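Chain residues, written in single-letter form:
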Amino acid sequence: MARNSVSISNETVGASKAEVEASNQTVNSIRKAASWADYWALTKPKVVALILLTAVVGMYLTEIVPSLLQVAVATLGIGLMAGGAAAINHVLDRRIDIQMARTYHRPVAQGRVSSGAALAFALTLSAMGFAILLVWVNALTAWLTLASLLGYAVVYTVWLKRATPQNIVIGGLAGAMPPLLGWTAITGEFHGHALLLVMIIFVWTPPHFWALAIHRRDDYAKAGVPMLPVTHGIEFTKICILLYTLLLTLVCVLPWAVGMSGLLYLFGATLLNLRFIQWAWRLKFRPSAQTALHCFHFSISHLMWLFVLILADHWINYGYS
C-alpha cells in the first residue's frame, strides 16, 4: 500500500514537473516570439516617428537642396540615437513604469527584457547613430544629437522628472531639438529659422504633456512623480495649458513674420492653433472624463500637421530646382 502511494506520489510529481517544464517552454517560446516586438517597443517608435518628421522638415527648409542619400543617412543616424535614448528611458524609469497604468506593460518594467539587455541595446543604437552622423553627416549634428540624448535620457529622466513640477518645461528643450538637427545635418551650421522651429516645439511641449498628466494624475501621484497636476492641482494645470496654447499661437506666427513662410502656413497654423485653444478652453471650462486625453491626442496631430504645412508652404513659395 505504501509502495503504491509512493508510486502514485512520484507519478504526480513527475506529471507536475512535466507540466512545469511544458509551461516554461511555452513561456520561453512566447518570449522568443515577442522579443523583436519588445525591442522595437523599447525605441518608442511613435515618438521617434514624430521626432524624425520634424527633423526631415528641418532638412528641407534650408536653402540647400538635400539629396535623398543625405536625408536618408541623417534620418537614420538621428533615428538610431532617438531610439537609443528611448530605450535608456525604459531602463531608468522601470520602477515608475510598473506603477502606472499607461506604462506598466513596457518590456523592461515587466521583465520581458532585462535592464542589462535593454541598456546594451540602447548603447548599441546610440553608438551606431553617433558614428553615422559623425562620419557621414557632420560633427556638429553628431554632438548636438548626443547632447539631446543626454538631455532627455539623463538630465530629464534621472533628475528633472523627479525634482520639479517644471520638469517638462525645462526638459522639453531636448525634445525640441530635432528640427535644428535636421537643419545642421544639411548645412553644418546654426540658423535663426531652425531655432524658430525649436521654439515652436519647446512651447508646444508643456500643454501637450500636461493634458496627459491631468488624465493620468493619480498614476503620477502614486509613482511619486511631481507632475504639475500632482503638485499644483488639476485646475491650475488647466489654466497653464490654456495660457501656453495662447503663447504657442503667437510663436507659430513668427515663421511668417520673418519671411520664412507664406500665407498658406499662416492660415493653416492659425486654424490649428485656434483648435488647440478650443480644446484647452473646453478642458478648463467644460470638461468631460476624456477631455484631457482628447486634448493630448489632438496636440500630436497639431504638431504633425503644423510641420507638414510649413514644408508644403516652403515648396509652394520657393520650390526646388
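Figured I'd write up the structure that's included with this text. (Residues numbered from 1 in each chain as written. Predicted model: local features only at pLDDT ≥ 70, side-chain atom pairs only at ≥ 80, totals over all residues. Heavy atoms only, no water.)

**Thoughts on the overall build of the protein chain**
What the protein chain contains, in helices and strands, is 15 helices and zero strands. For the protein chain, the residues scored as buried account for 47% of the 321 residues in total. Sequence separation of at least 24 residues holds for 74% of the intrachain contacts in the protein chain that already meet a minimum separation of 6. Accessible area for the protein chain stands at about 15700 Å²; split by element, carbon and sulfur atoms hold 69% of it. (Helix = DSSP H or I, 4+ residues; strand = E, 2+ residues; numbered from the N terminus. Buried < 20%, exposed > 50% of the residue type's maximum accessible area, 1.4 Å probe, protein only. Contact = heavy atoms within 4.5 Å. Areas by Shrake-Rupley, 256 points an atom, 1.4 Å probe, with all protein chains shown as cover.)

**Considerations on helix α10 (residues 192-215)**
Here α10 is 24 residues long and its end C-alpha atoms lie 36 Å apart, about the 34 Å a rise of 1.5 Å per residue gives. Its axis deflected by about 30 degrees at T205, α10 carries its strongest bend there, up to four residues before the proline P206. With respect to burial, α10 is a largely interior element, 18 of its 24 residues being buried. (Expected span 1.5 Å × (residues − 1). Bend = angle between axes of the 7 residues up to and from the residue.)

**Regarding helix α14 (residues 263-285)**
Between the first and last C-alpha of α14 there are 32 Å, a value that for 23 residues agrees with the 33 Å anticipated at 1.5 Å per step. Looking at the buried residues of α14, the elements they touch are α10, α13 (234-257) and α15 (291-318).

**Overview of unusual backbone geometry**
Look at K44: it is not a glycine, yet its phi comes out positive at around 50 degrees. The topology assignment puts K44 in the loop between α1 (2-42) and α2 (45-60).

**Describing the environment of Y220**
Considering the arrangement of structural elements, one finds Y220 in helix α11 (residues 217-223). Separated by 121 residues in the primary sequence, Y220 and Q99 place their C-alpha atoms 8.6 Å from one another. There is a polar contact of 3.3 Å between the side chain of Y220 and the side chain of R102. (Polar contact = N/O pair within 3.5 Å; in protein donor to acceptor, adjacent residues only side chain to side chain.)

**Section: the packing of helix α9 (residues 178-187) against α10**
Between α9 and α10, the least distance of the axes is 7 Å, while the angle of their chain directions is 160 degrees. Relative to α10, the element α9 lies roughly antiparallel. Handedness of the α9/α10 crossing: right-handed. For the pair α9 and α10, contact is made by P179, L180 and W183 and by H193, A194, L195, L197, V198 and I201, respectively. Residue composition of the contact of α9 with α10, by class: eight nonpolar, one polar and no charged. (Axes fitted to C-alpha atoms, helices over the stretch in contact; angles between N-to-C directions. Parallel < 35°, antiparallel > 145°, perpendicular 65-115°, else oblique. Left-handed = near helix turned anticlockwise from the far one by under 90°. Nonpolar A, V, L, I, M, F, W, Y, C, P; charged D, E, K, R; others polar.)

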